[in-house]
Number of protein chains: 2
Amino acid sequence: MATELSKWEEQGLRGEAVGTKQAPRHVSQCPVEDWLTFLGHRWSALILWRLSDREFGFSELMETLPKISPKVLTERLEGFVERGLVTRSSTSTFPRRTTYTLTDAGREITQMLSRLYEWAR
Amino acid sequence: MATELSKWEEQGLRGEAVGTKQAPRHVSQCPVEDWLTFLGHRWSALILWRLSDREFGFSELMETLPKISPKVLTERLEGFVERGLVTRSSTSTFPRRTTYTLTDAGREITQMLSRLYEWAR
DNA sequence: CCGAATCCTACATGATACTG
DNA sequence: CAGTATCATGTAGGATTCGG
């Protein structure tokens, strides 16, 4: 079992200081660590959980997550879309209505979260 | 599905500035987010993966994880022991020999990581 | 061999105010 | 409504050195 991830471990770092000076700038090259880190960010699990129930608008999510800031919610949603867990669709009417919906991949993730939940409690 | 985690979301924060001033000091009260954050820390997955194969000593782990620092390795191992994923046993001979072994709970976690790995690639 | 102690940088998160 | 911009702060991660 341990060998399957071996190929990732040698890399460890990446980033090699793009423009200016010595910036360690870490990006995990291990997909498992990468996903865990991503999902482990604050509010991620809770937002996905919300979306597993039905689609939501931005402000609607803000309301159901009392303490989140719009900046963080934006970051999370963009991350989800980028990784294919969520679809974003927006009307051009006014006031604008944007909805976020789980994709099939998103549902697979929430199912894994569900198993983790059962295990954890 | 969305209701199972509902009870956690109202809390959001905790910590209320133990001694000095206004420190937001966040500790997730959602067990799923808590575990994801924990497992998402750097090297966590890789260390557990290593231990799923056999037991390891401290320096031995250092060698198989080329870029890790002893501080971080210590932090991870202590976290694992604290959460019951790993058992630590140490001889009193010299030089001292300490070994880290996965518990059953640790194996359950690495199995979940394995599923995530299959899904992710 | 197994770590502990320091110091330092980057990143994650929040509060808040403002815009198309 | 659905975000963006800015500013501030805590926590994670890493380099290095030292001790039992």
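Model, not experiment: these values are computed from the prediction.

Cut-offs applied
Residues numbered from 1 in each chain as written. Chains lettered and ligands numbered in written order. Predicted model: local features only at pLDDT ≥ 70, side-chain atom pairs only at ≥ 80, totals over all residues. Heavy atoms only, no water. Buried < 20%, exposed > 50% of the residue type's maximum accessible area, 1.4 Å probe, protein only. Helix = DSSP H or I, 4+ residues; strand = E, 2+ residues; numbered from the N terminus. Pairing = 2+ DSSP bridges. Expected span 1.5 Å × (residues − 1). Arc of directions from axis to C-beta. Salt bridge = Lys/Arg side-chain N within 4 Å of Asp/Glu carboxyl O. Phe/Tyr/Trp six-rings, centres within 6.5 Å; stacked < 30°, edge-to-face > 60°. Contact = heavy atoms within 4.5 Å.

### Examining the pairing of strand S3 (residues 98-102) of chain B
Residue and element names in this part refer to chain B.
Here comes step 1: Counting buried positions over the five residues of S3 gives four, a clear majority of the element.
Here comes step 2: Pairing geometry for strand S2 (residues 86-90) and S3, over five bridges, is antiparallel. Along S3, the bridge assignment pairs arginine 88 with tyrosine 100.

### Looking at helix H5 (residues 70-82) of chain B
All names here are of chain B.
Here comes step 1: Between its first and last C-alpha atoms H5 spans 18 Å; for 13 residues at 1.5 Å apiece the expected length is 18 Å, and the two agree.
Here comes step 2: Three or more residues of H5 are buried, namely Val72, Leu73, Arg76, Leu77, Gly79 and Phe80. The buried residues of H5 all sit within an arc of 160° when viewed along its axis, so they share a single face. Within H5, the exposed residues directed more than 90 degrees away from the buried face are Lys71, Glu78 and Glu82.

### With respect to the pattern of salt bridges
Here comes step 1: Evaluation of the coordinates by the stated rule reveals 13 salt bridges over all chains.
Here comes step 2: A salt bridge links Arg83(A) to Asp34(A); the nearest nitrogen and oxygen atoms lie 3.4 Å apart. Within this pair, whereas Arg83(A) is found in the loop between helix H5 (70-82) and strand S2 (86-90), its partner Asp34(A) is found in helix H2 (residues 31-40), the two being separated by 49 residues in sequence.
Here comes step 3: Overall, the relative accessible area of 28% leaves Arg83(A) in the partly exposed class.
Here comes step 4: Ionic pairing is found between Glu60(B) and Arg54(B), a salt bridge with its closest N-O pair at 2.9 Å.
Here comes step 5: Judged by relative accessible area, Arg54(B) falls into the partly exposed class, the value being 41%.
Here comes step 6: Sharing partners across several salt bridges, the network here consists of Arg54(A), Glu60(A) and Arg97(A).

### Details of the packing of aromatic side chains
All names here are of chain B.
Here comes step 1: What the rule picks out here adds up to eight aromatic pairs over all chains.
Here comes step 2: Residues tryptophan 49 and tyrosine 117 carry aromatic rings whose centres are separated by 6.0 Å and whose planes lie at 55° to one another, so their mutual orientation is tilted. With tryptophan 49 in helix H3 (residues 44-51) and tyrosine 117 in helix H6 (residues 104-120), this pair connects stretches of sequence that are 68 residues apart. Each member of the pair, tryptophan 49 as well as tyrosine 117, carries the same accessibility label: buried.

### A few points about the environment of Thr101(B)
Residue and element names in this part refer to chain B.
Here comes step 1: With respect to the helices and strands, threonine 101 occurs in strand S3.
Here comes step 2: The partly exposed category is assigned to threonine 101, whose relative accessible area is 28%.
Here comes step 3: Each residue touching threonine 101, except ones within four places of it in the same chain, is listed here: Glu55, Leu85, Val86 and Thr87.

### Re unusual backbone geometry
Leaving glycine out, the prevailing phi sign among residues is negative, and the prevailing peptide bond configuration is trans.
Residue and element names in this part refer to chain A.
Here comes step 1: Look at the link from phenylalanine 94 to proline 95: it is a cis peptide, with omega at -5°.
Here comes step 2: Along the polypeptide, proline 95 turns up in the loop between S2 and strand S3 (98-102).
Here comes step 3: A positive phi angle, close to 85°, is found at tryptophan 43, a residue other than glycine.
Here comes step 4: Secondary-structure assignment places tryptophan 43 in the loop between H2 and helix H3 (44-51).
Here comes step 5: Judged by relative accessible area, which is 4%, tryptophan 43 ranks as buried.

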